[in-house]
Each structure stands twice: as C-alpha cells, then as structure tokens.
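Remarks on the overall topology
Here are the chains, one letter per residue:
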There are 2 protein chains.
Amino acid sequence: MGVGGISKRIILGRKLRSSQLGETLLPKRIALPVFASDALSSVAYAPDEVFIMLSVAGVSAYAFSWKIGIAVALVMLTVVASYRQNVHAYPSGGGDYEVATVNLGKSAGITVASALLVDYVLTVAVSVSSGIQNAGAAIPFVQGHETEWAAALVALLAAMNLRGVRESGAAFAIPTYGFMAGVIGMALYGAYRAANGTLPDVESAHLHLEKADGYGGNISTAAMIFLLARAFSSGCAALTGVEAISNGVPAFQKPKSKNAATTLLLLGAIAVTMLMSIIVLAKNMGLKYVDPNDLSRLREANGDPLPKGYDQHTVIAQIAKAVFSDFTPGFYFVLSTTGIILVLAANTAFNGFPVLGSILARDGFAPRQLGSRGDRLAYSNGIIFLAAVAIILIVAFRAEPTRLIQLYIVGVFVSFNLSQLGMIRHWTRHLKTETNPAERRKMYRSRAINTFGLGMTAVVFVVVLLTKFLAGAWIAILAMIVFFLIMKRIRTHYDRVEHELKIGDSDPIMPTRVHAIVLVSKLHKPTMRALAFAKATRPNILEAVYVGFDQEATDKLLEEWDQRRIDIPLKVLYSPYREIIRPIVQYAVEIREANPRGVVAVYIPEYVVGKWREQLLHNQTALRLKGRLLFTPGVMVTSVPYQLKGAELGKEREDWELTRLRPGDVRRGGIDR
Amino acid sequence: MGVGGISKRIILGRKLRSSQLGETLLPKRIALPVFASDALSSVAYAPDEVFIMLSVAGVSAYAFSWKIGIAVALVMLTVVASYRQNVHAYPSGGGDYEVATVNLGKSAGITVASALLVDYVLTVAVSVSSGIQNAGAAIPFVQGHETEWAAALVALLAAMNLRGVRESGAAFAIPTYGFMAGVIGMALYGAYRAANGTLPDVESAHLHLEKADGYGGNISTAAMIFLLARAFSSGCAALTGVEAISNGVPAFQKPKSKNAATTLLLLGAIAVTMLMSIIVLAKNMGLKYVDPNDLSRLREANGDPLPKGYDQHTVIAQIAKAVFSDFTPGFYFVLSTTGIILVLAANTAFNGFPVLGSILARDGFAPRQLGSRGDRLAYSNGIIFLAAVAIILIVAFRAEPTRLIQLYIVGVFVSFNLSQLGMIRHWTRHLKTETNPAERRKMYRSRAINTFGLGMTAVVFVVVLLTKFLAGAWIAILAMIVFFLIMKRIRTHYDRVEHELKIGDSDPIMPTRVHAIVLVSKLHKPTMRALAFAKATRPNILEAVYVGFDQEATDKLLEEWDQRRIDIPLKVLYSPYREIIRPIVQYAVEIREANPRGVVAVYIPEYVVGKWREQLLHNQTALRLKGRLLFTPGVMVTSVPYQLKGAELGKEREDWELTRLRPGDVRRGGIDR
C-alpha cells in the first residue's frame, strides 16, 4: 500500500468487504432508523417553510400555522396508510417503480424512476444545505460560508461512498433515536415549562415582522388562499422520504411485509408528532421567521433595521435555544442530532441510487452493468454524478433550503400519485379473480384506502404544481423529462439489439478450420507461453507473426528463432512506417478471405504487472489491437497472460474491488456470506 | 457523422489521413521554412530582451546594443558551424539526443531529452505569448487580455493537433518567407529612408527613460559587466530552435546531410541579418524600451508619467510602424507575418514532441506505445500535457515573454553543450581508426569547430546560469530533473521486466489439455457463434457456463438449451448476490487446480456496436472479467466478437484513427504511401 492508500485509510477508515457484513436482515428497531432518517429529517426544515410562507402576510397569518401543520399531518397519515397497502402487495423492494410498471405500464414506471432519480439528487442538496444551516446556529465560522461547507460535505459523502462505507444499523440507530429523543424531549420540556409559566420566547420573538410588498393592508381572500396553499405545499416537504420503506421490504426480518407496515406506521406517528410539536412550540414562543433573502422585513422592535450580519437561525435551533435556556447541553444535543440526521438522509440517497440503478438495469432502462455487482466504474460514475449535480444545485441556490425545496416536492408527489393509481388498478385486477369473501373484503378496504390516498395526493400535487412551478419546480420537471427520454432510448437500443441477435431458424455454421496466429514482439517467456497455449489448441494452421520495423531487429529475431529450434513457422510482416495494428488486421482479413468458412484465432501474449501505473507501460498496443480486431468478422482474439512478479498486487486490488461493500448493499437486503 | 463530427469538421477542417500525404521528402526551399520557423521567430523577441536589460542602466547603455547583437550573432554562427558537423555525422534525425547518448552515455542522452522536453513546453509558451503581444500592437481589443488570448491560442493549437493538422510545406513557406521578406524589406526601406534623411523616430523615441533603482549615478564596472552579461544572455534567446534541423535530416531530399548543412548555414545567415537589422534600426530610431512590469520608468519628455493604460508595443511593431509611416500595409504585413511565424514556432513543438517521444520509447525511456504509430491515446495525452503545462506557465507569468524567457534559454544551452562535447568525443574516437589523411584532416577540422563551439556555448551557459538562475531558470532546471528521473525509472522498469521475461534453459511446458468454457448470458447469435468457434478448436473438454441470479431465468435458459438441442453441456453457477465475475474466476481456478498441467480457455461472446456511446451499454462486464482473468495463471481469454449492424461505423472510426496524420509525421520524413 502506497502513501496514497494510507492517507485514504486515515481519511476514510478501513476498507470494507461485503463478506465482512454477515447476516444483515434488519429487526424493526434497526429498520426504523435505517429507513426513517430521510423522512424524519424533513421535520428539520418543513416547519421553517411553513413559517416563511405565512410570514408574507404578516404575523397574524401565523395563526394558521398549526392548522397547516394538521393538514400536512393528515396527508402524511393518509400516505402512510396507502403505503402500508403497497408493502403488503409488493414486498420485493421495487417500491413505487414496481407498482407503477406492473399496473400502469412501462412509461409510468420510468416516470416514477425519473422522479426518484431527481429526488435522490435533491435529497442530497436539501438535506446537506439544511444540515449546514443548522450547524451555522451552533458553529459561528460556518455562517456566511454555507455554500462552501455544503459543497465540501457533499464531496466528503461522495468520497466515503466511493470508498465503500458501511451503512450499519448502529450508525443510523444512535443519531436517529437521538434526534427523536431530542425533539420530543424538547417538546415535553417546553410543555412543562409552559405549564409552569417559565417558557421563554425565542430569540426572534421581540422582532417586528413586516408584511411582504403587495400584502399591505387587507388582502383578498383569493390571495390569502393562494398563500395558505403555498404554505401547505411547502409544509408537505415533511412527506419526503416516507416511500423509502416500500423500497426496503426485503431487508426486513420476517414477516417482512408486516414488519415493514408496522415500521411505516410508527414512522408516520413519530414524524407527525415531531412536526406538530415544533410548529406549536414555535407559534407559542413568538417565532418570527422570513425568507433569508428577505431579511429586511424583520426589524428591531423600535423599527430599526437588524444589525448587519444578523443570522436568522433555523426554527428548530431557535426553539431549542429558548427551551433549553437553562440547560445548554440540551440545545447542543438537539442541534447536533439534527445535523447528523440530515447528513444521514443525504447518505440515504447515495445508497438508494445504486439500488434503483440495478432495478432499472434489470429491466433494460439503464446500462446493464449496473445490474450486477462488481462493476466499479458504473457505481463510481453514479456516485460522482449524484454528488456533482447536488453540488451544482447547492452552488446555484447558495445552499438555501428554502429555495431548493421548491424543486423537491414535485418529484415526490409524482411518485405518490402514480403509485396510488397503480395500487387501485392492482386491487381492481385482483378483485376480478379473488373469490374468498374475507380476502375480497380486505381488498375492497385496501382499494378504498389507496383511492382516498390518491385523491389526497392528487390534490396536493396540483397545489404543489400551481404554487411551485415558477419557483423552481420546472427545473425538476425538466430533469425528469430528460431522465425519462434517456431511459426510453436505452431500452429502445437494447430491444433493437436483442431483436437483431435473436437466433433464426438456420443453424449456426460450424467453422471448418482454425488458422491460429501468435503475435510475437520479442522472444521471451510470454511469447513462449502463448506459442505453447496456441499449440495446445491444435489448430489446423499455426503461425507466429512478427511486425518488423527494421531489418536489423527482424534478422536478430529470425536468428534467435532458429537457434531455439521453435517448430512453428515465423511470418514477418514488414511495416516501414512503424505501424503495428494495420498490418496484423490486414493479414487476418487476408487469411479469412482465402478461407471464408474458417476462423482466424489471434493469440496475443500479454504480461501482467502489479501496479496500474506500470500497466500503463505495457500492453497498450495489444489493447488497441484487440479493439480493432473486434470489428473484423471471423476473427477471435485470445489473450494469453503472463503474470510477472508483483502481479499479486493487482490481483488483490481487483479482488477487493469485486468483493468490497458498495452503497446500497445493506438496504438491498441479504448480503450474508 | 453526428452533429459533433460536423461541427468539428467546420472548426478544424477536413480530417486528414497520412495516406493522402504522398511523397514528402523536402527540398531545401521548403525544408528551410519548415525547420526555421522556430529559430527565425526568436528574432521577434530577442532584441526586445536586449533593450529591456540595457534600459536598466539608462539610455546611454543602449550604445552597447549593437555590440551585444554582434556577440549574439557570433555565438549563433559558431553554433551553426558546429551543428553542420552534427548533421554530417548523425544523419538519422536523432539530433542532440543521439549525439549525447552515443558519445557520452545514456544519462547524458536523457539529460538532453529532458532539456528538449522542457524546451518544447517553453517554445509554446514563449512563442504564443510573444505572438499575442505583437497582435496587441495591431488589434486593440487584445490589449489587457493577453493571458486569456494566449491561453486560448494554445488550446486551439492543441485542438488542431489532436485532430491531426497537416504540416504542409506551403503552410510554412508562405509566412516564413513572408516574415523574412517583411523584416529584411523593412530594414532596406529603413536604410533607404535613413539615407534620404526621412527615417522617422519610433513612437517611444520622445520618452524619457529613467535608470532602474540602484543604477542611478555612476555604476561600478562589475555591475555594468553583469548587466551586459544579462543583456547578452537574454539576446541569446535568438539561438533557440537552431538545433531543429539536426533532428530533421531524414526529411530532407538527398543528399540529406549536405542539404541539411546548407539549409543550416542559410538559416544562420538570415537569422543574424534579421537580428542585426532590428537592433540597428531600433537604436538609430531612438527606441526606449523597458520591462513591461516597470513601465513607470518611462515618462513623457516633460517628466509627466505616461497616460494610464499606455501600451508599450514590441520593438518590431514600433520599428515597422515608424519605417512604414508612409505605407501602412507594410506595417500590417510585418506584424501579421511576425504573429503567424510565432504561432508556427509554437506548432513546431507540438510536432517535435511526438517525434522525440517515439525515439525515447524506442530506447525504453518513455512508454513503449509511443514508439509505434497508431496509439491515439499516447499521442493525445502528449499533446494535452504539452498544452496544459504551457497554459499554466502562460497564466503564471501573465503571458509576458520577458519573464518566460528567463526559463527558456538554459535548456537550449544544456543541449548545445552536451551535443558539442559528444561531437568532440565522436571525432576523437573516429580519429583513432581513420587512416585516410584527407578524412583525418576533415575530422581534425570538424573537431576544432566543435571544440570552439563547446568553448563558446559553455561560456554562454555559465553566463545564462549566473544571470538567470534566480529569475526563473531554476524552474526549468527543476523540471528537467523531474523528467530525467521519470525517464530513468521507466527504463529501470523495462529492464527489470525484460530480465524477468528472459527465456531460461528449461523448455516451456506444453499444456497437456485444454478445458474450454464458453460464457453464456443469453441464448442469442453471439453465444451460438462463440459455441461454434470454441467447438472448432476441438478442446479436450468443452462446456457452456451460465451465472444464474434467479431460478426463473435459469430454468428458462435450460429449457431453451434443450429445445435447441445444443450438444454442449451447460453448467450453471449460482450467484445469489448478483455477482458475475467472482463465480467465473473461482470456477476457472478450480478447473486449473484439478489439472495443473492443463490450460483453461475462456470464450466470451461479445457484440460490437458502432457508436461508442452504444458500446458503453455492452460488454462492460466482459471487459472487467477479462481484466480479472489476466491475473489467473493458466487461463487464456478469447473474445468472440459478433458484429451488429452499424458496427461498420466503429470500424471506420478505428481505421481512421490508425491511418490519420499525426503531429510530427512530416518532420519524421518519408510518409509516402
């Protein structure tokens, strides 16, 4: 291991192999944190969005905050109820993609897949941005450099996932349960202090909040409704990540579906509790919260503008600071668990992305190599792509969750809607054949739940579209369309190839004879081995072929050939212009033309060294030649490797690449060698 | 051809194949411009450097300008005389590298090679910077953005060379002869106007030139000598590129050496004439010229500072403007040919680089693939490396030729010195065996010339080192050391491998049997072809092997296998974790272990599509598998390609890559298919 390897090890921890994982089917108490971090973490930013939207109409509008909270909670519980049907009906982990594909067809399926891809990118961007924003409340030097910190954090996450970081139950359980305990503990302690009359106001309570331009005086009912609708759809950010469990059913312990459904219910209940706690606390503690780009609407009580460099802390930070005004560790606990769970949520995307990729690859919508383990390149490219786009978004939107969220929710609701619609079709189809009355009753019930779910999510989707389209959702929709088209084209290509490759009625023609040529560049061990191997295959004709640049070297080789009494004829192809590949290809084509029913077998001796930078010094011409010969019909190319000392090193590297842990391995379930 | 191809064609002109070149041995009248552009172009910046250095001691020091010019001319003629010996003694085009290697050993050879590599980079940086500086005199919008323009120009040159731009005689002849005609015409017209008394002063003549800090009052003789030495060594920039002809002897028409020597003499005479013309004109036309970073030393005649944004035009531009004050086209002609010849000089480096690379590769000091045509990657990487480093230098030194030249000259003189030293050894060695008195006389004469040359260049080298080391030459020396060490290491690696691969006394063991396995992913035409080809080789055992992820697909394949009555047994390797590569490698290892004297032949069906982005969708797993199997002893891997419709496209692309014209092809001589 070179210095590079050691420094990587220091930075990124020990390399991991999937074979070290052991049995990883998850009990509910571990599955909840593994799959819930995404959904719960949105509690950290959803309330902020509600207050930002309402603030437009002034403090009086904050009266609506808890009503909007209840509306969001209602949608949340409906969605949870709906997804409980999904996990029973589709326990394979295909999630919304599978539901849509099976029931609504391929196009619906890849629409969902496109939405999920966009969501993964946004999960990273939003979660990390929000995490950094929260960190800013506790760590002063982050303030004012949020973009840089957020981008760096995404890069770090990408690096960890490129290296193969183990998603372990404990890594999720501790911060997730910590976050729950922190927020709910904060709520309880706040309630206790409120009952005692000692609950302090938050730091922004004394500020004066101005209405936004155009909202002065009495505003029309239509404007107010639009405003409430926007606040509601922003609050629906709390729903992101709820669908994650439906993709993770195979990772649950048995009975998988039942456990997943229970976990889902738990998740919903906890998320709603936390969301409502935060909203109610914020309202009662006098929070004033505006769009960070509109800070001038906040003024000191005496009307003076805020001091320069004033930092508006997140809602959760303001509440924690006030509630734990007499117990600072509480504040730091809530804030740090919030930050960690947001990072975990971002990491979720890095793990979900390859899982989705392998499902899409299986169905021919993504490059096929994503479907099997072991393709380092495909995995790495996926992670780098995810991180790069997330960083672009973070930079473009200056790591402001408020602005990123405008892009976020539309994708989630595309999935919700198509999934519920698919479920209704599913039950209807099964009702046609099912005869058992008990089963039929259950199916009717499920269908009713999904129908209600669809109605609810459809309304929300329309609200989201209307209120967010111009604010940024169009970008997400555009990206979905692009992903959709790419997937369609990949599938079309695979279909075309498959059609072309279908075996016809005519039997394949057996080649009548094999003409083998062994390429010789020098007379050394690899050449001798290639000659021996080629001879062992007993071809009809066997020749060695040498491409000669100058007479001197050619004569020397011929002499050595005679000296060693090699009983294979050596043919010299002269190449005055130092070309290697063309003369060989031409010779192969000539042989083939002379005997069209024969096959030309080209043997290339290769030597294998250990370090990749040494490998660059060898076999490059062989590589290029092989690439060219692929286009020559009737030719097959055989590499005869010769392993040099040190090749072990390369083998170990390759083996590690094959067996290492990859993002998504845990939630795919069942890596248990 | 896609849109990309078309737009590239528009930007970069028609693709060229080397086979379109025809006979390209160069007559003297064409060889002169091809090889002289580098040397002549330095006339465009060398005088500027002399005047900048002298200006430090005030206008009075300008009296030394023509004396320094004569000193430089003397060195130039000495070097030319020396190199005339080189081209006779070493007509193979190896140039200084060959002379040093043959006579002084490998280390001297790669020292020269390192110096040349550094010089190529600096040729690009200096020439382009100077070209842009000259362009600034005629094109106002370039002023103030020299760095950006210079970097863009280097990028453009790199793009053209990546694409394969033909170095044609005409492309060199017209601007080079134009430049000669322009400068010499300017000198003659200037002389004519001087004789008439109508020669105007240059634009900077009326300015007041202040001495630099520390040079006020009377300066010591030592300081004055140091100053003159610096001016002289800066003026020696005019010598860069003189050695180019010695690398290009094979491209000359016969008698090659004689023609090359004559061309060299012509080149020297022309360069000296041009250099002296410019210096004398500048002196007599009252030029005031300072370091562009020290412009404040120039003042208006009344002592006022220069107007803000004053642009100090190059010496050649100032002279041309004044001489052709009554004939503006003359000014533009001189300036544009100057600009073009500087760009040609930069392009020279892009052409010389691969030639040097192939010579180094032949000797094992550079990756071997550089030694043969057809390795696109190696060539492209070389060009990109050259351009990238040149751009870094341009940006770091803000495209100021004055500062870049501090790095430039040391490398040139390293080559000069080692080359002359080698030549002396060469003659001494030959004198030991030569008996013909006429030949001996010639050799004595040649040795005397080289000895004088060495004495001269050694003195200049010391002067350059002393005056330039801290000003930037240390960077060039450091870079040379790095190149030197890399080349040493590459050679050591190749030597080690060669030693390890040497055939011992024991005969290679003939494998007793061949166990062939054909990998099957589906039952389609490529699989059938691979089975047929494998069968044609009549191995001792032949099996088809399938890696199964799930029972359903496996059963389907087995059924189809039976239906088609394929008479080859199908073995299924189960892989619950969707791994493909490991089970196959393990199976191959098992077979080999069971029969250590046998060989395992793995046949992989591959399908070949036309477009590279389609290729990304296929065979990636095959590629990775092949990479892994290389490390497995006793295994050979055979690709059986199946060409799909559209594969023609890919073949054409590959063929074009193999036959296209590459930088350096012309000056290597003899591409005459």
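For the structure itself, look to the data block above.
Residue numbers here run from 1 along each chain, matching the order of that chain's written sequence. Key to labels: chains lettered from A, ligands numbered from 1, both in the order written. Confidence filtering applies because this is a predicted model: local features only for residues at pLDDT of at least 70, side-chain atom pairs given and counted only at 80 or more, and all residues used for totals across whole chains, interfaces and linings. Note that water and hydrogens are dropped before the side-chain values are worked out from all heavy atoms of the structure.

**Comments concerning the overall build of chain A**
Applicable threshold: By definition, any uninterrupted DSSP run of H or I lasting at least four residues is a helix, any uninterrupted run of E lasting at least two residues is a strand, and each is numbered from the N terminus. Throughout, a residue-residue contact means that at least one pair of heavy atoms, one from each residue, lies within 4.5 Å.
For chain A, the helix and strand inventory stands at 23 helices and seven strands. Counting contacts in chain A only where the partners sit at least 6 residues apart, residues at least 24 apart contribute 83% of the total.

**Structural notes on the side chain of Ser234 of chain B**
All names here are of chain B. The condition is simple: By the criterion applied in these results, polar contacts are pairs of N or O atoms within 3.5 Å in which, for protein atoms, one can donate a hydrogen and the other can accept it, and in which residues neighboring in sequence qualify only through two side-chain atoms.
Residue placement: Ser234 occurs in helix α9 (residues 221-235). Within the local environment of Ser234, its side chain forms a polar contact with the side chain of Lys468, the two groups lying 2.6 Å apart. Ser234 has contacts with Glu49, Met53, Ile409 and Lys468, leaving out every residue within four places of it along the chain.

**A look at the pairing of strand β4 (residues 541-548) of chain A**
All names here are of chain A. Let me state the cut-off plainly: When accessible area is computed with a 1.4 Å probe and restricted to protein chains, residues below 20% of their type maximum are described as buried, those above 50% as exposed, and intermediate ones as partly exposed. In this description, strands pair whenever DSSP reports at least two bridges between them. Place the viewer so that the strands point away; then a crossover is right-handed whenever the path from the first strand over the helix to the second strand goes clockwise.
With respect to burial, β4 is a largely interior element, seven of its eight residues being buried. With six bridges connecting them, strand β3 (residues 514-520) and β4 associate as parallel partners. Opposite Val518, over in β4, you have Ala544 as the bridge partner. Chirality of the crossover, the property in question, places the unit of β3, helix α17 (residues 525-536) and β4 among those that are right-handed. Judged from the five bridges that link them, β4 and strand β5 (residues 570-574) form a sheet pairing that is parallel. Residue Gly548 lies in a different strand from β5, and its bridge partner there is Tyr574. In terms of handedness, the path from β4 via helix α18 (residues 551-563) over to β5 forms a crossover that is right-handed.

**Here we look at the packing of helix α3 (residues 46-55) of chain B against helix α11 (residues 256-284) of chain B**
Residue and element names in this part refer to chain B. This is how the line gets drawn: In this analysis, axes come from line fits to C-alpha atoms, helices being fitted only over the stretch in contact, and the angle between any two N-to-C directions falls in the range 0 to 180 degrees. Angles below 35 degrees are treated as roughly parallel, those above 145 as roughly antiparallel, those between 65 and 115 as roughly perpendicular, and all remaining angles as oblique. Handedness of a crossing follows from how the near helix is turned relative to the far one, being left-handed for an anticlockwise turn of less than a right angle and right-handed for a clockwise one. Classification used: nonpolar for Ala, Val, Leu, Ile, Met, Phe, Trp, Tyr, Cys and Pro, charged for Asp, Glu, Lys and Arg, polar for all others including Gly.
At their nearest, the axes of α3 and α11 sit 9 Å apart, and the two run at 40 degrees to each other. With respect to their mutual orientation, α3 and α11 come out oblique. As for how α3 packs across α11, the hand of that crossing is right-handed. Residues Ala46, Pro47 and Phe51 of α3 form the contact with α11, whose own contacting residues are Leu275, Ile278, Ile279, Ala282 and Lys283. Partitioning the contact of α3 with α11 into residue classes produces seven nonpolar, no polar and one charged.

**Considering the environment of Gln85 of chain B**
All names here are of chain B. Within the secondary structure, Gln85 is located in helix α4 (residues 65-89). Beyond its immediate stretch of four places on either side in the chain, Gln85 contacts Met423, Trp427, Ser446, Ile449 and Asn450. Of the polar contacts made by the side chain of Gln85, one reaches the side chain of Ser446; its length is 2.7 Å.

**A word on unusual backbone geometry**
Each neighbour pair has its own omega, and for Lys254 of chain A with Pro255 of chain A the value is -5 degrees, a cis peptide bond. For Pro255 of chain A, the position within the fold is in the loop between α10 (244-247) and α11 (256-284). Within the chain, Arg398 of chain A stands out as a residue other than glycine whose phi angle is a positive 45 degrees. Inspection of the secondary structure puts Arg398 of chain A in the loop between α14 (376-396) and α15 (401-433). Of note, the phi angle at Arg538 of chain B is positive, near 45 degrees, even though the residue is not glycine. Within the fold, Arg538 of chain B resides in the loop between α17 (525-536) and β4 (541-548).

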